[in-house]
Amino acid sequence: MEQSVEIETREEIGDVTALWIDGSCQGRIGPLGQLSPYMEEMLSIMDYSKFIPGTPKTLVIGLGAGLIPTRLWESAMAPSDVIEPFSLVLQVAQRDFGYKQHGEHFRGSAVTALKYIKTKYDYIFLDAYNGYEPAPKCYCTAMYKKLYSRLHLGGWLALNLVTNNVNECDKTRESLESVFDFVRSTSNRSTVKDGERFNAV
């Protein structure tokens, strides 16, 4: 059974269009193309693209509103392969957020799709949630090892963690550090009340 998908335009905060999936906001874009701060932070790894010859190869796990692959195409002409298990999410991203497919689209879970993907990438973006729940087996050391194996030498992984638990952030960082040589993290925890969910990138 596919997820429920609700599109909401919030006039009260300036014509912002938001995609909600099972009660969780999965993407916001303003009238001038502004993205959520956590998405901008994820996309900041593209600053290293000047060190990559040719067009960067990118993989996006969790399409949401399609805002990350759209920005990658607009800013770097970088086509993104996408893993998204729900066809309704793809349809809504195309219809309401102007998402256009410029790479391969893989249906099914990330665990399953990665068994068949042989491409090596320069950048991988992991933002895979069902509501507020992480997609199964996506945020664990085993998955980070799989993603590492799909990166070119010098490639980058950017992930978004949604949580209200600081310990979960620490455990995720430790898990990443067991796989990757360099890990940088930031969060918007200071901007939310105690107990509220925040984004860690």
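See above for the structure.
Residues numbered from 1 in each chain as written. Predicted model: local features only at pLDDT ≥ 70, side-chain atom pairs only at ≥ 80, totals over all residues. Heavy atoms only, no water.

Peer 1: I would appreciate a short explanation of the sheet that holds strand 7 (residues 121-126) in the present structure.
Peer 2: Whether parallel or antiparallel, the strands of a sheet pair through hydrogen bonds between backbone atoms. Taken in spatial order, the 5 strands of this open sheet run 6-5-4-7-10, and their pairing is parallel. Both outer strands of the open sheet, strand 6 (105-106) and strand 10 (151-159), are each paired with one neighbouring strand and no more. In this sheet, strand 5 (residues 80-83) lies alongside strand 4 (residues 58-61) in parallel orientation, the contact comprising 4 bridges. Across the sheet, residue L59 finds its bridge partner in strand 5, namely D81. Sheet strands touched by helix 2 (residues 67-76): strand 4, strand 5 and strand 7. Its angle to strand 4, the strand with the most contacts, is close to 160°. (Pairing = 2+ DSSP bridges. Helix = DSSP H or I, 4+ residues; strand = E, 2+ residues; numbered from the N terminus. Contact = heavy atoms within 4.5 Å. Axes fitted to C-alpha atoms, helices over the stretch in contact; angles between N-to-C directions.)

Peer 1: Any chance you could explain the nonpolar core here in plain terms?
Peer 2: A general feature of soluble globular proteins is that nonpolar side chains tend to end up buried together. Among the nonpolar cores identified, the biggest contains 30 residues, and I61, L126, Y144 and L157 are the most heavily contacted of them. Taken together, the elements giving at least two residues each to this core come down to strand 4, helix 4 (110-116), strand 7, helix 5 (141-149), strand 10, strand 11 (161-163) and helix 6 (166-177). For this core, the leading source of residues is helix 4, giving 4 residues. Other than its neighbours up to four places away in sequence, I61 contacts I83, A110, I124, F125, L126, D127, A128 and L147. (Core = buried A, V, L, I, M, F, W, Y, C linked by side-chain atoms within 4.5 Å. Buried < 20%, exposed > 50% of the residue type's maximum accessible area, 1.4 Å probe, protein only.)

Peer 1: I tried to follow helix 6 on my own but got confused; where do I start?
Peer 2: For an α-helix the count is 3.6 residues per turn, leaving residues at separations of three or four pointing the same way. Between its terminal C-alpha atoms helix 6 stretches 17 Å, which fits the 16 Å expected from 12 residues at 1.5 Å a residue. The complete set of buried residues in helix 6 reads C169, T172, S175 and L176. Projection of helix 6 onto a plane perpendicular to its axis shows the buried side chains occupying an angular sector of 125°, all on one side. Looking at helix 6, the residues exposed on the side facing more than 90 degrees away from the buried face are K171 and E174. (Expected span 1.5 Å × (residues − 1). Arc of directions from axis to C-beta.)

Peer 1: When you look at the packing of aromatic side chains in this model, what are you seeing that I'm missing?
Peer 2: Throughout the structure, instances matching the rule amount to 3 aromatic pairs. For the pair W156 and F182, a centre-to-centre distance of 6.1 Å together with 80° between the ring planes defines the contact as edge-to-face. Of this pair, W156 sits in strand 10 while F182 sits in the loop between helix 6 and strand 12 (198-200), and the two are 26 residues apart along the sequence. Judged by its relative accessible area of 21%, W156 is partly exposed. A residue is classified by how much of its surface remains accessible, and F182, at 51% relative accessible area, is exposed. (Phe/Tyr/Trp six-rings, centres within 6.5 Å; stacked < 30°, edge-to-face > 60°.)

Peer 1: Would you mind showing me how to read the state of the cysteines here?
Peer 2: A disulfide bridge is the covalent bond that connects two cysteines by way of their sulfur atoms. If you walk through the whole model with that rule in mind, you get 0 disulfides. C138 carries a free sulfur, and the closest cysteine sulfur to it, the one in C140, is 7.8 Å from it. On the accessibility criterion, C140 (27% relative accessible area) is partly exposed. (Disulfide = S-S within 2.5 Å.)

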